[in-house]
Amino acid sequence: MLVLLTVGAVFAQKPVIHPNQLAPYVPSPYQIVDRMLELAKIKPGEKVYDLGSGDGRVVIAAAQKYDAKAVGIELSSRLVKSSQEEVKRLGLSDKVSVVHGDVFDADFSDADVVILYLMRDSNNTLKPKLEKSLKPGARVISHDYEIEGWKPNEEAKVDAFRRGHKIFVYRMPPQK
Ligand SMILES: C[S@@+](CC[C@H](N)C(=O)[O-])C[C@H]1O[C@@H](n2cnc3c(N)ncnc32)[C@H](O)[C@@H]1O
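Thresholds applied
Residues numbered from 1 in each chain as written. Predicted model: local features only at pLDDT ≥ 70, side-chain atom pairs only at ≥ 80, totals over all residues. Buried ≥ 20, exposed ≤ 12 C-beta atoms within 10 Å, placed from the backbone. Helix = DSSP H or I, 4+ residues; strand = E, 2+ residues; numbered from the N terminus. Pairing = 2+ DSSP bridges. Right-handed = clockwise from strand over helix to strand, strands pointing away. Near = placed C-beta within 6 Å. Nonpolar A, V, L, I, M, F, W, Y, C, P; charged D, E, K, R; others polar. Core = buried A, V, L, I, M, F, W, Y, C linked by C-beta atoms within 7 Å. Contact = placed C-beta atoms within 7 Å. Axes fitted to C-alpha atoms, helices over the stretch in contact; angles between N-to-C directions. Parallel < 35°, antiparallel > 145°, perpendicular 65-115°, else oblique. Left-handed = near helix turned anticlockwise from the far one by under 90°. Expected span 1.5 Å × (residues − 1). Arc of directions from axis to C-beta.

## Digging into the pairing of strand S5 (residues 139-143)
The element S5 is largely enclosed, with a buried count of 5 among its 5 residues. Where burial is concerned, the two faces of S5 agree: the one with Arg-139, Ile-141 and His-143 and the one with Val-140 and Ser-142 are both buried. With 4 bridges connecting them, strand S4 (residues 113-116) and S5 associate as parallel partners. From the neighbouring strand, Val-114 faces S5, where its bridge partner is Val-140. In terms of handedness, the path from S4 via helix H5 (residues 120-133) over to S5 forms a crossover that is right-handed.

See the structure below:
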């Protein structure tokens, strides 16, 4: 009886979804992270943001491989905590910060590079903020999903985990 009640209680629970949840947590494979950062042509000291930074792998790689100043913005407190611990463990606290928050509330106007792995509709929702905030010359790199209405300056396809991943590169102001 107790088992039935427990199982019932578990299935009755609805997942708690934040109203501004732009995408579920699915990490970019490391091959894709490497290729996105390569396509971003990051110079040492440039500021790189990952909007929805997951476990922090993109911002960590940007600091380790390109000596970037990297900022992750992430809605999930669990992922923020684990990525902050990883940043500290790797001794990257002077170069990488991971902020707990919603990308819609964040100021990323000083970005040289913005990395996105969200969803098609989420990119559309975020597009006006990117257009308003980002300075000329800033690069936006999007994994898998285009930003509709912008013409990519470059596109790449990378095979990882038994499928082809697309990468779209845009330079601000975007070509339309
Ligand atoms: C598909 S994952 C990508 C993770 C990481 N960028 C990568 O490429 O490995 C999307 C992430 O965005 C986060 N996210 C979704 N909506 C967000 C929002 N409004 N503000 C901040 N983070 C958000 C999710 O919690 C998730 O970790």
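## Notes on the site of the ligand
As a matter of local geometry, the ligand sits amid 24 residues, with Leu-22, Ser-28, Gly-52, Gly-54 and Tyr-117 nearest to it. When residues of the shell around the ligand are traced back to their parent elements, those giving at least two are helix H3 (57-66) and strand S2 (69-74). Looking at the shell around the ligand residue by residue, the classes come out as 12 nonpolar, 8 polar and 4 charged.

## Side note on the nonpolar core
Residues Val-48, Val-59, Ala-62, Val-113, Val-114 and Ile-115 are the most contacted members of the largest nonpolar core, which totals 44 residues. Counting residues per element, this core draws most heavily on H3, at 6 residues. Once residues within four sequence positions are removed from consideration, Val-48 is found in contact with Ile-42, Val-59, Ala-62, Ala-68, Ala-70, Asp-112, Val-113 and Ile-115.

## Here we look at the packing of helix H2 (residues 30-39) against H3
Relative orientation of the contacting elements H2 and H3 amounts to 55°, with a least axis distance of 10 Å. When the axis of H2 is compared with that of H3, the two are oblique. Remark: the crossing between H2 and H3 carries right-handed chirality. Of H3, the residues touching H2 (which contributes Tyr-30, Val-33, Asp-34 and Leu-37) are Arg-57, Val-58, Ala-61, Ala-62, Lys-65 and Tyr-66. Partitioning the contact of H2 with H3 into residue classes produces 7 nonpolar, no polar and 3 charged.

## Remarks on the sheet that holds strand S1 (residues 47-51)
By definition, the strands of a sheet pair up through backbone hydrogen bonds, in either a parallel or an antiparallel sense. Read across the open sheet, the 7 strands follow the order S3-S2-S1-S4-S5-S7-S6; overall the sheet is mixed. Of all the strands in the sheet, just strand S3 (96-100) and strand S6 (154-160) have a single pairing partner and so form its edges. Averaged over all neighbouring strand pairs, the angle between strand axes comes to 20°, with direction disregarded. Strand direction decides the pairing type here: S1 and S4, joined by 4 bridges, are parallel.

## A look at helix H4 (residues 77-89)
The end-to-end C-alpha distance of H4 is 18 Å, a good match for the 18 Å that 13 residues give at a rise of 1.5 Å each. Buried within H4 we find Leu-79, Val-80, Ser-83 and Val-87. The buried residues of H4 all sit within an arc of 100° when viewed along its axis, so they share a single face. Every exposed residue of H4 that faces more than 90 degrees away from the buried side is listed here: Ser-77, Arg-78, Glu-85, Lys-88 and Arg-89.

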